[in-house]
Amino acid sequence: MTISVAERAELAAAVRELLQNECTEQDVRQTISSDEGYDPQLWRKLAAQGVTGLLIDPEYGGVGLGALELEAVAEETGAALLPAPFIGSAVLATALIEAAGTAEDKQRLLPGLAEGTSIATVAVTGARGTWAKEGVAVKATERADGHTLNGNAHYVLSGQIADVLLVVARTGGDDVGGVGIFEVTPDATGLTRAAATVFDPSVRLSTFTFTDTPARRIGTAGWDAVSHALDLAVIALAGEQVGGTRRIFDITIDYLKTRIQFGRAIGSFQALKHMAADLLVQVESSTSAAQHAAAEKAAGSDDAAGAIALAGFFCAEAYNTTAMQAVQMHGGIGFTWEHPAHLFVRRARTGLQLFGSSAQHRERYLTAKGA
């Protein structure tokens, strides 16, 4: 479904208003210190706005929007530092089910995800975290009564709270590139879910270990479906990075205008003016990169792969640079945990590796451009 620019702006504004009221800095700090790592009540309110079912076809209870709307909403979740299974469940998992699942799979899984009553995750990559086909470390073996899985999956988003578990595994076949998508029940034998130690407690990660774990194959699709879902996840992450970059930039500019030294606002000092100007370039350029990637994906352009790879490394680096500079520009107060700058730094640092490093995205960009 396609909506107008004005309708897209209204959607983003509605999400912004909700998060400004219920995902304040104090709320974020309280949520990240909880065992669950997210606020179920806020998640249900986001579901009522259509955020959890953004990419789900209306036939299954979603709103059926696409990459442009996803990026716009992600800018708002990123600005608020939303600690929730948004990218893992509402983007990566739902997009994968939409792309790979049968009609029965979709009818069984998607309505709960759209309503926010279920949370899904996708176990994709091994310990190296390449988020590429060659990095899949789980192997599926076909048996008379289905499949069993063996191996490890790392960096699984919201893996401890998810009740719909999807696993990308090697099948040994060549019909779909030797990769399949499987569903594992949360209480399956041979499944171990271990919470990973994370730098940013607002992004919870897990390691899944499979030992002869029974699994049910989802459809017949292979890596192409996973690649499509990962494209949307990278776009959502880039949108969050843009939102975070702009928010910490605005916080810093406000500080430069109000902090007085030697009888004048420090923002009037030439050195800080130059730093702020450089960061504004980062904000605007990353915004363009993320929105361009979303537009190319939505249009089904042949240039989409390159645009998504560009957003993958540029937005991550712009966010990290801006957040680190914000700490410096705040002076001593910026180095304290009580200041919000540290929350943005932690989210920015996590995003440098999630769904692939900058080096990997650059390689994908060059490949897409035929370099």
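In this text the structure is predicted, and so the values were computed from the model without any measurement.

Along the protein, the regular secondary structure elements total 11 helices and 9 strands. Computed over C-alpha atoms, the radius of gyration of the protein comes to 21 Å, within 12% of the 21 Å expected from 2.2 N^0.38 for 371 residues, which places it in the range of a compact globule. The C-alpha extent of the protein, read off along each of the three principal axes, is 80 × 45 × 40 Å. Across the 371 residues that make up the protein, the buried fraction comes to 54%.

With that settled, consider the packing of aromatic side chains. According to the stated counting rule, one finds 3 aromatic pairs in the structure shown. With 6.3 Å between their ring centres and 80 degrees between their planes, Phe-313 and Tyr-365 make a pair best called edge-to-face. With a gap of 52 residues between them, Phe-313 in helix 9 (residues 304-329) and Tyr-365 in helix 11 (residues 358-368) connect regions that are remote in the sequence.

As defined by bridge partners, strand 2 (residues 138-143) adjoins strand 3 (residues 146-157) across 6 bridges and the pair is classed as antiparallel. The partner of Lys-139 across the bridge, within strand 3, is Asn-150. What sits between strand 2 and strand 3 in their antiparallel hairpin is a turn of 2 residues.

Before going further, it helps to spend a moment on the packing of helix 7 (residues 223-258) against helix 8 (residues 270-299). Where helix 7 contacts helix 8, the axes come no closer than 9 Å and their chain directions differ by 155 degrees. Between helix 7 and helix 8, the interaxial angle falls into the category roughly antiparallel. Crossing of helix 7 over helix 8 shows left-handed handedness. The segment helix 7 lies against helix 8, with His-228, Asp-231, Leu-232, Ile-235, Ala-238, Gly-239, Val-242, Thr-245, Arg-246, Phe-249, Ile-253 and Leu-256 engaging Leu-272, Ala-276, Leu-279, Leu-280, Val-283, Glu-284, Ser-286, Thr-287, Ala-290, Ala-293, Ala-294 and Lys-297. Looking at the contact of helix 7 with helix 8 residue by residue, the class counts come to 15 nonpolar, 5 polar and 4 charged.

With that out of the way, let us pick up the side chain of Thr-121. Looking at the element boundaries, Thr-121 is found in strand 1 (residues 120-123). Looking at Thr-121, its side chain comes within polar contact range of the main-chain oxygen of Leu-157, at 2.4 Å. Here Thr-121 is in contact with Gly-88, Ala-93, Val-156, Leu-157, Gly-159, Ala-162, Val-164, Leu-165, Leu-166 and Phe-208, once residues within four sequence places are set aside.

Moving on to the pairing of strand 3. One ladder, built from 8 bridges, connects strand 3 with strand 7 (residues 205-217); its direction is antiparallel. Looking across to strand 7, one finds that Thr-148 is bridged to Pro-214.

A word on the confidence of the model for the protein. For the protein, the average pLDDT comes to 92, and 96% of its residues sit at 70 or higher. Mean pLDDT per element in the protein: strand 8 (residues 260-261) is the minimum at 68, and strand 1 is the maximum at 98.

All right, on to the domain arrangement of the protein then. If you check the domain split of the protein, you get domain 1 (5-119), domain 2 (122-221) and domain 3 (224-369). Relative to domain 2, the C-alpha centre of domain 1 lies at a distance of 22 Å. With 26 residues of domain 1 at the contact, the number on the domain 2 side is 18 residues. With both chains or domains summed, domain 1 and domain 2 bury close to 1700 Å², and 66% of this area falls on carbon and sulfur atoms. At the boundary of domain 1 and domain 2, one finds 3 salt bridges.

Evaluated as defined, the whole model comprises 14 salt bridges. Among the salt bridges present, the one from Arg-216 reaches Glu-104, with a minimum N-O distance of 2.9 Å. Of this pair, Arg-216 sits in strand 7 while Glu-104 sits in helix 6 (residues 103-115), and the two are 112 residues apart along the sequence. Residue class for Arg-216 comes out partly exposed when judged on its relative accessible area of 36%.

Rules used throughout
- Residues numbered from 1 in each chain as written.
- Predicted model: local features only at pLDDT ≥ 70, side-chain atom pairs only at ≥ 80, totals over all residues.
- Heavy atoms only, no water.
- Helix = DSSP H or I, 4+ residues; strand = E, 2+ residues; numbered from the N terminus.
- Rg over C-alpha atoms; globule rule 2.2 N^0.38 Å.
- Buried < 20%, exposed > 50% of the residue type's maximum accessible area, 1.4 Å probe, protein only.
- Phe/Tyr/Trp six-rings, centres within 6.5 Å; stacked < 30°, edge-to-face > 60°.
- Pairing = 2+ DSSP bridges.
- Axes fitted to C-alpha atoms, helices over the stretch in contact; angles between N-to-C directions.
- Parallel < 35°, antiparallel > 145°, perpendicular 65-115°, else oblique.
- Left-handed = near helix turned anticlockwise from the far one by under 90°.
- Contact = heavy atoms within 4.5 Å.
- Nonpolar A, V, L, I, M, F, W, Y, C, P; charged D, E, K, R; others polar.
- Polar contact = N/O pair within 3.5 Å; in protein donor to acceptor, adjacent residues only side chain to side chain.
- pLDDT = per-residue confidence, 0-100.
- Domains from an automatic or database assignment.
- Buried area = accessible area lost by both parts, 1.4 Å probe.
- Salt bridge = Lys/Arg side-chain N within 4 Å of Asp/Glu carboxyl O.

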